[in-house]
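# Report on the structure
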Amino acid sequence: MNSGTSHKYQFKAYMLLFLVCNVQVGVGIFGFQRYIYKEAGHDAWMSVLLAGIATHLIVWIMVKTLEMHKSLDLYGIQHVLFGKWIGGVLSICMMLYFLTNMTTIVRTYIEAIQSWIFPDFPTWLLSLILLVLMVYGSLGGIRVILQTSFISFFLIIATSLFFNYPIRYVEWSRLLPIYDTTAQHIWVGAIKMGFTITGFEVIFMLYRHVQDKNKVMRYAQASVLFTNILYLFIMIVSIIYFSENQILRTIWGSINLLKIIKYPFLERIEFIAIPFWMLVVLPGIMQLAWNVLRGTVQLFGWNEKLTLYGLAVIVIVASSTLHNREQVNQLNDFIGIYSVIVSYCYPLLLFALTYVYKWRKREKGSDAH
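Residues numbered from 1 in each chain as written. Predicted model: local features only at pLDDT ≥ 70, side-chain atom pairs only at ≥ 80, totals over all residues. Heavy atoms only, no water.

## A word on the overall build of the protein
Of the regular secondary structure elements, the protein holds 15 helices and 0 strands. For 369 residues, the compact-globule estimate of 2.2 N^0.38 gives 21 Å, and the protein sits close to it at 21 Å. Projected onto its principal axes, the C-alpha positions of the protein cover 75 × 45 × 35 Å. In the protein, which comprises 369 residues, the share counted as buried stands at 54%. Long-range contacts, defined here as pairs at least 24 residues apart, represent 86% of the contacts in the protein between residues at least 6 apart. (Helix = DSSP H or I, 4+ residues; strand = E, 2+ residues; numbered from the N terminus. Rg over C-alpha atoms; globule rule 2.2 N^0.38 Å. Buried < 20%, exposed > 50% of the residue type's maximum accessible area, 1.4 Å probe, protein only. Contact = heavy atoms within 4.5 Å.)

Now the structure itself:
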């Protein structure tokens, strides 16, 4: 897996439509409804909408920051703005963030499999299967990640069509009255939603590999728009399908929506959907591993293949130490807070510092003349 920027490792901007969406959806789509509804009630869809608008704004800021730095990625930007040592420490923090995110995704997906299909399946074995596939795919380079993300995007679309089925059993009155809660509760719900739709910060790592950088903004925004519409649609369906008590008690809201679908030849469609969802989870894990590898190569010059093996071992061991749902929830809460800071707050800081840096550089250039 080469981290260079040669033509072989570059891709067209339209691929961002699949890459960004894939990281955003992942396992968060399984049960985000309960957390948002707990804060905002039946106005939870407003929280989802507000979080989506904020995401579009942050993506715009990210791309503008990257345009000012031209061909640098996140690690390079940190080096320029903060210097070698502080920038290096921040890069290590980002690598730890990506690694923790990998562990969270793997363990949450395993928790879904154990809850719905194989309750007694060993966590370490499921982790091993996922990570072996991740290593195998990642060794193929960015092209393999692109191809798997392309496939998983259409799997997301196909699965989302099944959420139309519960609409025939809904009560639309559950959306009323609109704006029945306070702005504060809607805001807190939006922050909780931010935990779910983070992941778009991978734009910081992908930008330098895009050939037609002038089109990055449109495809990054299109990808985020698709994700926002998907989550908004599922949130609204959940509100009008479940009663208040049901949605607050339902851990895997989206899977429960699929559970009611019956076909003569297939009674439990979730038994098919959850295993197939591995094709959505895997490209996201591969992207996060690729982000870590880029950092280890730039900062330490480590061998990529050996580093990748090491990452897989770390994730397998870390996943196996989480033995119950409560521990998985604690990990999700921790990475959720960390994700909001990295995805929504940190880009604002980088944008402001970049603007100041460019302004001071222009000032020095004018003084020289």
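## Considering the environment of G336
With respect to the helices and strands, G336 occurs in helix 15 (residues 325-368). Overall, G336 belongs to the buried group, its relative accessible area being 2%. Along the backbone, G336 and E244 are 92 residues apart, and their C-alpha atoms lie at a distance of 24 Å.

## A closer look at the nonpolar core
F11, F30, Y109, M134, M235 and W277 are the most contacted members of the largest nonpolar core, which totals 120 residues. Top element by residues in this core is helix 4 (residues 74-116). It accounts for 17 residues. (Core = buried A, V, L, I, M, F, W, Y, C linked by side-chain atoms within 4.5 Å.)

## Examining the packing of aromatic side chains
Going through the model one piece at a time under the given rule, you end up with 18 aromatic pairs. Measuring from centroid to centroid gives 5.0 Å for F18 and F150, while their planes differ by 85°, and the two rings are edge-to-face. With F18 in helix 1 (residues 16-25) and F150 in helix 6 (residues 142-161), this residue pair connects regions lying 132 residues apart in the sequence. Taken together, a centroid distance of 6.2 Å and an interplanar angle of 70° make the contact between F30 and W252 edge-to-face. Here F30 is found in the loop between helix 1 and helix 2 (33-40), whereas its partner W252 is found in the loop between helix 10 (244-249) and helix 11 (253-259), with 222 residues between them in sequence. The cationic tip of R168 hangs over the ring face of Y165; the distance from NZ or CZ to the ring centre is 4.1 Å. Directly above the aromatic system of W290 lies the positively charged group of R294, at a separation of 5.9 Å from the ring centroid. (Phe/Tyr/Trp six-rings, centres within 6.5 Å; stacked < 30°, edge-to-face > 60°. Lys NZ or Arg CZ within 6 Å of the ring centre and 35° of its normal.)

## Notes on the pattern of salt bridges
What the rule picks out here adds up to 5 salt bridges. The partner of D73 in a salt bridge is R294, with the nearest N and O atoms 2.5 Å apart. Remark: R294 occurs in helix 13 (residues 278-300) and D73 occurs in the loop between helix 3 (44-69) and helix 4; sequence separation between them is 221 residues. Judged by relative accessible area, which is 1%, D73 ranks as buried. (Salt bridge = Lys/Arg side-chain N within 4 Å of Asp/Glu carboxyl O.)

## A closer look at unusual backbone geometry
Here L176 and P177 are connected by a cis peptide whose omega angle stands at -10°. Along the polypeptide, P177 turns up in the loop between helix 6 and helix 7 (183-197). Even without glycine at this site, K70 takes up a positive phi of about 60°. Within the secondary structure layout, K70 lies in the loop between helix 3 and helix 4.

## Description of the side chain of S138
With respect to the element layout, S138 can be found in helix 5 (residues 123-138). A relative accessible area of 0% means that S138 is categorised as buried. At 2.8 Å, the side chain of S138 forms a polar contact with the backbone oxygen of M134. (Polar contact = N/O pair within 3.5 Å; in protein donor to acceptor, adjacent residues only side chain to side chain.)

## Describing helix 7
Compared with an ideal rise of 1.5 Å per residue, which puts 15 residues at 21 Å, helix 7 spans 21 Å between its outermost C-alpha atoms and is within 8% of the ideal. Residues of helix 7 that are buried: I186, G189, A190, M193, G194, T196 and I197. Take helix 7 and look down its axis: the buried residues cluster within an arc of 160°, on one side only. Residues of helix 7 that are exposed and point over 90 degrees away from its buried face: Q184 and W187. Downstream of helix 7 by a residue or two, G199 has a phi angle that is positive, lying close to 125°. (Expected span 1.5 Å × (residues − 1). Arc of directions from axis to C-beta.)

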